[in-house]
Amino acid sequence: MVYSAAHTAYRTKGGVKMRRALFWGALVLAAGFVFVLPVLRLVQTSFIQEGAFSLDAYRDVLNRAASWKAAGNTLVIGVASTLGALVLGTAFAWLTAYTDIMFAPAIRFLAFLPYILPSYSIALAWRLFCSPNGAVAALFAVLPGSPAPPNLYGYGGIIFMHVLTSFPPVFLLMASALRRVPRDMEWAARTAGVKNLRVFWYINLPVMAPACLSAGALTFLSVIDNFGIPAILGIPAGIPVLPTYIYEQIAGMTGASVFSRGAVLALLLIAISLLGPLLQKVLPHPPADIEAILPDNSPRVFLGRLRLPLSLCAGGLLFFLSIVPVCFMAGTALKQAMGLPLSADNFTLSNFSFVLLENLKSRRAIFNSLWLAAVCALLCMAAGTALAVSLAKRKSRWPRVVEAMIQIPYSVPGIVLSLCMILFWMQPLPGFFPGVYGTSKILLIVYLTRFLVVQTKASYSAVANFDPGMEDAVRVCGASPLAGWIKIILPLLLPGILSGAVMVFTGVLTELTLSSLLWSVGSETIGATVLNFEQAGSLKYSSALSSAVCLAVILLFFLSHLPGRYKAKAHTGD
């Protein structure tokens, strides 16, 4: 009897292990099919010409001066924009983290705003703001000598827009790192009579250099991945970068060799994008004990008489950079005639009515983006949270394998991922034609593969900070595991999980790069429709749709932060 019971228990335990192994094996195969094979198909396509192995695509692309011009522009703009974003982001990070500057919450919001708004909306707003009929031209006209207003259609304008949209992550990372610099190092230097600027240069900067390099690597990747800014400002000026050059090659060319050349260009863009992570690996990392130091939010530098003027200058500059052009774009959407100032006689809501209610294409784009964002957020929330729970328990290596696979689509540039999806999903298996290309289904697939890792990271942060003793308490109270999760554990994890879902929803709603090659008639998205209106010269309609998107994103940002504010008030007893 004892042997029989032990044997039964062994068989039961072995069956559980076998079922678990089969489950994770199937999941790894499915993840490899969805997340890895499209990238491998891209590599395969670069070596295929007319159904046979060939290096003709490489010879064709690498012998073209236009290819090297696009690659050179990508590098130059990426490096210059990264340096500018590092300078601007670090300066505002030092002001908010180290000094007693006034209006710090407002300054932080204004600094973060260009990051949550679509980059193509900001580029469009600044294009209108600096146009011959814009406010900048009117301001320059009254200056002595009537100097010419700045022209955004060039390298300077493209770099400026990249700096404006890329410095917020640098600001957040550097502000967090600056608050972790130990005070005793600074106090020792000041006790020795060292001035503030020299303290920052010789003590703070060496400590913060690794964090600065990490922020620079992330910024470089985001710049070379961006499609909206070079599409709006670079294509009209004849300044190609690899994302727009790949787009023009795929969208404007025909023939069997188009995809092979596009695959080679995509691999070239991947090679350039690897420079940032490689540099981050080679250069020194932050000291191990820095992360263990709790952030110090109290000011370390007191501005004295400069406090008010410097606060007004910093807030005013960010307000001018982030708010004024967007408001001018909204004002353009409210005009009947573009060349006339906004007045009661020139005021109209017909542009908003056209894009939101009347035009079939824009209404369809709004509907597509909304349902794609909602479905993608829900699916990512379910799958990403389940994977995050498996990662937190650390009972198997297979969740780590799946996590590594889902990071691959997020690590490649968006235009490259779009090309991967075209090449793979036209015929994922020999003789299997799912018919998703040219429909909204392929957009849902590419969004899921791109944003699943975002939800997984957010859910993992919530699960990893969860006290495992809560599960034991649920079991001691006699509740079933399912009831404990639904009634107790899930409500505690929900704020972190929902924050990831909001990021996924907003990213899909405002996305342009992924859909630039994948949208078609009937599967338009908001970003693609804004760009089409702009390229067709319908600036009033593109301004109206873009302004509506910006307003929706800002409202969603504030609504997503309301639970945190109520929770903070509950903790403080206010």
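Residues numbered from 1 in each chain as written. Predicted model: local features only at pLDDT ≥ 70, side-chain atom pairs only at ≥ 80, totals over all residues. Heavy atoms only, no water.

### Considerations on the overall build of the protein chain
In terms of regular secondary structure, the protein chain is built from 24 helices and 2 strands. Of all 574 residues assigned to the protein chain, the portion counted as buried reaches 47%. Surface accessibility of the protein chain: about 28200 Å² in total, with carbon and sulfur atoms responsible for 70%. (Helix = DSSP H or I, 4+ residues; strand = E, 2+ residues; numbered from the N terminus. Buried < 20%, exposed > 50% of the residue type's maximum accessible area, 1.4 Å probe, protein only. Areas by Shrake-Rupley, 256 points an atom, 1.4 Å probe, with all protein chains shown as cover.)

### Details of the packing of helix 17 (residues 360–393) against helix 20 (residues 440–464)
Across the interface, helix 17 lies against helix 20 with an axial gap of 6 Å and an inter-helix angle of 40°. By the angle between their axes, helix 17 is oblique relative to helix 20. By crossing handedness, the relation of helix 17 to helix 20 is classed as right-handed. Within the contact of helix 17 with helix 20, the residues separate by chemical class into 21 nonpolar, 6 polar and no charged. (Axes fitted to C-alpha atoms, helices over the stretch in contact; angles between N-to-C directions. Parallel < 35°, antiparallel > 145°, perpendicular 65-115°, else oblique. Left-handed = near helix turned anticlockwise from the far one by under 90°. Nonpolar A, V, L, I, M, F, W, Y, C, P; charged D, E, K, R; others polar.)

### Details of empty space enclosed by the protein
Taken as a whole and judged by the stated rule, the model has 4 cavities of 30 Å³ or more. Lining the largest cavity, in full, are Thr-74, Ile-77, His-162, Val-223, Ile-224, Asn-226, Pro-230, Val-241 and Pro-243. Looking at the lining of the largest cavity, the elements with two or more residues in it are helix 3 (65–98) and helix 9 (196–225). Among the residues forming the lining of the largest cavity, the class breakdown is 6 nonpolar, 3 polar and no charged. (1 Å grid on protein atoms, 1.4 Å probe; cavity = no way out; pocket = protein on both sides within 12 Å on 5 of 7 lines; lining within 4 Å. Points joined across faces, edges and corners; volume = space filled by probe spheres on them.)

### A few points about a nonpolar patch on the surface
A cluster of nonpolar side chains, contributed by Phe-103, Leu-308 and Leu-312, occupies part of the molecular surface with about 290 Å² of accessible area. When you line up the elements, Leu-308 lands in helix 14 (residues 307–322). (Patch = residues over 30% accessible without salt bridge, like charges linked within 9 Å, V, L, I, M, F, W, Y side chains within 5 Å. Salt bridge = Lys/Arg side-chain N within 4 Å of Asp/Glu carboxyl O.)

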